[in-house]
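Listed below are the residues making up each chain.
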Amino acid sequence: MNIYRLCLGISISLPACFSSWWSEVQMGPPDPILGVSEAYKRDTNPKKINLGVGAYRDDQGKPFVLSCVRKAEAQIAAKKLDKEYLAIGGLGDFNKACAKLALGDDNEVIKSGRNITVQTISGTGSLRIGANFLSRFHTEAREVYLPTPSWGNHTPIFRDAGMQLKAYTYYDPKTCGFDFQGALNDISKIPAKSVIMLHACAHNPTGVDPRPEQWKEIAELVKKRNLLVFFDMAYQGFASGDIDRDAWAVRYFIEQGHNILLSQSFAKNMGLYGERVGGFTVVCKDAEEAKRVESQLKILIRPIYSNPPMNGARIAATILNTPDLYKEWLGEVHGMANRIITMRELLVANLKKEGSTKNWQHVIDQIGMFCFTGLKPEQVERLTKEFSVYMTKDGRISMAGVTSGNVGYLAQGIHSVTK
Amino acid sequence: MSLFGEVPQATPVAVFKVTNDFKEDPNPKKVNLGVGAYRTDEGQPWVLPVVKKVEKIIVADDSLNHEYLPILGLPEFRSSASKIALGEDSPAIQENRVGAVQCLGGTGALKIGAEFLRRWYNGNNNTRTPVYVSAPTWENHNAVFVNAGFEDVRPYKYWDAEKRGLDLSGFLGDLERRKLFVFFDSAYQGFASGCLDKDAWAVRYFITQGFEMFCAQSFSKNFGLYNERVGNLTIVARDPDNLKRVLSQMEKIVRVTWSNPPSQGARLVAVTLNNPELFSEWKDNVKTMADRVLSMRASLRAKLEALETPGTWDHITQQIGMFSFTGLNPNQVEYLIKEKSIYLMASGRINMCGLTTKNIDYVAESIHESVVNVQ
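The structure contained in this document is the topic of the report that follows.

Reading the values: the criteria
All chains use their own residue numbering, which begins from 1 and follows the written sequence. Here the convention is simple: chains get letters from A, ligands get numbers from 1, in the order in which they are written. Only residues with pLDDT of 70 or above have their local features reported here, since the model is predicted, and side-chain atom pairs are shown and tallied only from 80 upward, although totals for entire chains, interfaces and linings are computed over all residues. Heavy atoms from the whole structure form the basis of all side-chain values; hydrogens and water molecules are not counted. Strands are runs of DSSP state E lasting at least 2 residues, helices are runs of H or I lasting at least 4, and numbering of each runs from the N terminus. Note on contacts: a residue pair is in contact if any heavy atoms of the two residues lie within 4.5 Å. Here the term buried applies to any residue with accessible area under 20% of the maximum for its type, exposed to any over 50%, and partly exposed to those in between, with areas from a 1.4 Å probe on protein chains only. A pair of strands is considered paired only if DSSP assigns at least 2 bridges between the two. Axis lines are fitted through C-alpha atoms, for helices just across the contact stretch, and the angle between N-to-C directions can take any value from 0 to 180 degrees. In short, buried area is how much 1.4 Å probe accessible area vanishes from two parts on joining, totalled over both. Salt bridge, as applied in this entry: a Lys or Arg side-chain nitrogen positioned within 4 Å of an Asp or Glu carboxyl oxygen. Side-chain atoms alone can form a polar contact between residues adjacent in sequence; in general such a contact is a pair of N or O atoms within 3.5 Å, and within protein one must be able to donate a hydrogen while the other accepts it.

**Thoughts on the side chain of threonine 40 of chain B**
Reasoning step 1: Examined against the element boundaries, threonine 40 of chain B turns out to sit in the loop between strand E1 (31-32) and helix H2 (49-60).
Reasoning step 2: Filtering out sequence-adjacent residues up to four positions away, threonine 40 of chain B remains in contact with Pro45, Trp46, Arg292 and Thr356 of chain B.

If you want it as structure tokens, here you go:
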């Protein structure tokens, strides 16, 4: 009797039936990259290795908080700053330092004020603002050309912003290296004014970077084709260990007269992943154009998140603008890059020790956090199922997850699925 | 020839321009009643004492690092934030049909909610679905929904300019007989009355009435964490299965917007809300802010009435929260800005937090002058 009355009460106040607004919402597929970490967490095998997401680990496999970051945090805490909203474009001290880091202190672009650099929500946020900007203002061409392969999230970002995605040849699976001729052939056919995305250094996912002479030819061809260049630089310092060397391509293109778009991330090179620190730069014709572009970037940013988070930008700005912290940072980035390089060498040495007769030179030649092993999806699946080694299906491993403690086991697993 | 030669100069966002103009004004008597941030009676920003305490706790904790948060954010933040809105004992929470997405401030929560609705509500990508916002509303509401793709953002009657209060019959008239999805914007919980539960009454009532809904929560004002961008999109669904699918689609939207949210602010809030002593201290800090605003309201009204400023001024104490719609017209606003260096929005909106015991006489007298001298 009571239950009956209760049900009547409910059905009167609810909409006509017990339906939901969301009955037609499909279950979304798990994110291919971040989903790997989640699967790793669920695995109970004590020997499990996470080579999925690109976050640096020390040789004990632990997250690494840079010493210069801790010092910067202590300095900031002592200043007892308030928490007032930042400007829409972010922290001025950060923006200036961010541009200088990418372009070089003495860059003519910065001196003439013809760049606009805004603080963004790390690399993703930067690419998204860039994509939105292109979608709204680059009306003469809707296509963005990505290298094949590229970071998995590039495509959905640009697509969601309303751009169309196309591809150019980049990786050569036969050599596990750069298909230079293939790239030039494809680029030579890209219609004028299209956007071409270039990874500034430490290409993600392959680790394959063009050599300087190759960059020079690409720059010339891109100019001839009249393409709009969008550089994604998520690993400055992390690739070679040298900040200036890793920014060489970006600076060269600008020197050659390309007015580029540039996304920067401080997730990896400062270990500020979860603080979401990044920058978006447009190199304009002159300072007047930079002002106009800036005003429009603000209009794009405001309805997404109003203004960016302070904490990480403050840390990054403090490091970049304090000489001894900056020096310490350069040393720590160099250290992280070196550990990766050492792991590459160790992995190959161990594979040989296991008796592998395959050519693993590409593991050493590739640059940065990632290695495109050349493993096929079925081999990856076996590596995960039989050895609890977690990586993305495309055969990409994050070298940062390799340690002197697990490299032997990893080599065993890789050899086992490839022999 | 530049690819961006045709990019026009955009007009600046009004509320930030007001603060900018205030900063550049050399008049020592200047008062900023523009942007919505709390100020102490000394006119200074206020980092909440509980926040300072928790920051020290976090700095001292060596086990913490700067790793990526999950796409949907810090789990202990999301759940505790939703509890704040819905109540500790919320049946919806107990029924496992409440979820949340940690977002960049209230703006970010509105953005993610809007993007989801455009994709999945009332069909797929039905950009023609009308979005009703109050007249007036926070000026960024419009931009958030338009940028998410909605083509038809409409006002519903809300503000009665004559009464300087709620136009209830107009409100009900505009919304009756329509099947509507409810999206609450909760930017001031605790800040309005000084009591968290009281300020959440409407949201909780709607849940008892069986609504599925979104609630965009901001912790900018009630935690004073403005620049840390701490927000939460609380989702109340019919059942756990619907909730699961909704959250999975939310992840996809987040991934192409900012990948994962910033950790610092969420951590601060989570530590505070999950510790009984700190939670209690926070509630006190919130009450301190709310009480100061209430006392400024009472004071401003009293002074205007004492000056016999033409018109009625009880709306100053009847209205609630950080802002007051004074009823001043654009000419009177311009007078205040140009002649008195008192900065407010063209709508006549003032931030009560900009008032202090030291400037309130000047502001009251100036308002009096503007009403008497300017039509």
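**Let's talk about the environment of alanine 219 of chain A**
Residues and elements named next belong to chain A.
Reasoning step 1: Structurally, alanine 219 can be placed in helix H9 (residues 212-225).
Reasoning step 2: Alanine 219 gets classed as buried once you look at its relative accessible area, which sits at 3%.
Reasoning step 3: With 39 residues separating them in the primary sequence, alanine 219 and histidine 258 have C-alpha atoms 8.4 Å apart.
Reasoning step 4: If sequence neighbours within four positions are ignored, alanine 219 has contacts with Tyr252, Phe253 and His258.

**Section: the sheet that holds strand E7 (residues 195-199) of chain A**
Residue and element names in this part refer to chain A.
Reasoning step 1: Strand order in the open sheet formed by seven strands is E2-E10-E9-E8-E7-E3-E4, with mixed pairing between adjacent strands. Each having just a single partner strand, strand E2 (115-121) and strand E4 (164-169) make up the two edges of the open sheet. When the angles between neighbouring strand axes are averaged without regard to direction, this sheet yields 25°.
Reasoning step 2: Of the pairings in the sheet, the one linking strand E3 (residues 143-148) to E4 comprises six bridges and is parallel in character. The residue of E4 that forms the bridge with tyrosine 145 is lysine 166.
Reasoning step 3: This element, helix H12 (residues 287-305), spans E2 and strand E10 (277-283) of the sheet and lies at about 10° to E2.

**A look at the interface of chain B and chain A**
Where the parts come together, the accessible area they lose is often given as the size of the interface.
Reasoning step 1: At the junction of the two partners, chain B supplies 76 residues and chain A supplies 77 residues.
Reasoning step 2: Between chain B and chain A, a total of about 6,800 Å² is buried, with carbon and sulfur atoms accounting for 58% of that surface.
Reasoning step 3: Between the two partners, chain B and chain A, sit six salt bridges.
Reasoning step 4: Across the pair lysine 83 of chain A and glutamate 55 of chain B runs a salt bridge whose closest N-O atoms are separated by 2.6 Å.
Reasoning step 5: In this structure, the connection of chain B to chain A is made through 34 residue pairs in polar contact (both at pLDDT 80 or more).
Reasoning step 6: Those elements giving two or more residues to the side of chain B that touches chain A turn out to be helix H1 (14-24), H2, helix H5 (105-120), helix H6 (139-147), helix H10 (240-255) and helix H11 (263-273) of chain B.
Reasoning step 7: Top contributing element to the side of chain B that touches chain A by residue count: H10 of chain B, with eight residues.

**Points about the sheet that holds strand E7 (residues 182-186) of chain B**
Residue and element names in this part refer to chain B.
Reasoning step 1: Pairing is mixed in the open sheet, where four strands are placed in the order E2-E9-E8-E7. Two strands close off the open sheet at either side, each with one partner strand: strand E2 (98-104) and E7. Along the sheet, successive strands turn relative to each other by an average axial angle of 15°, direction set aside.
Reasoning step 2: In this structure, E7 lies alongside strand E8 (residues 213-218), joined through five bridges in parallel fashion. What sits directly across from serine 186, in E8, is glutamine 217.
Reasoning step 3: The sheet contacts of H5 involve E2, E7, E8 and strand E9 (230-236), and relative to E8 the element is tilted by about 160°.
Reasoning step 4: Contacts from H10 reach E2, E8 and E9 within the one sheet, and its direction differs from that of E2 by about 10°.

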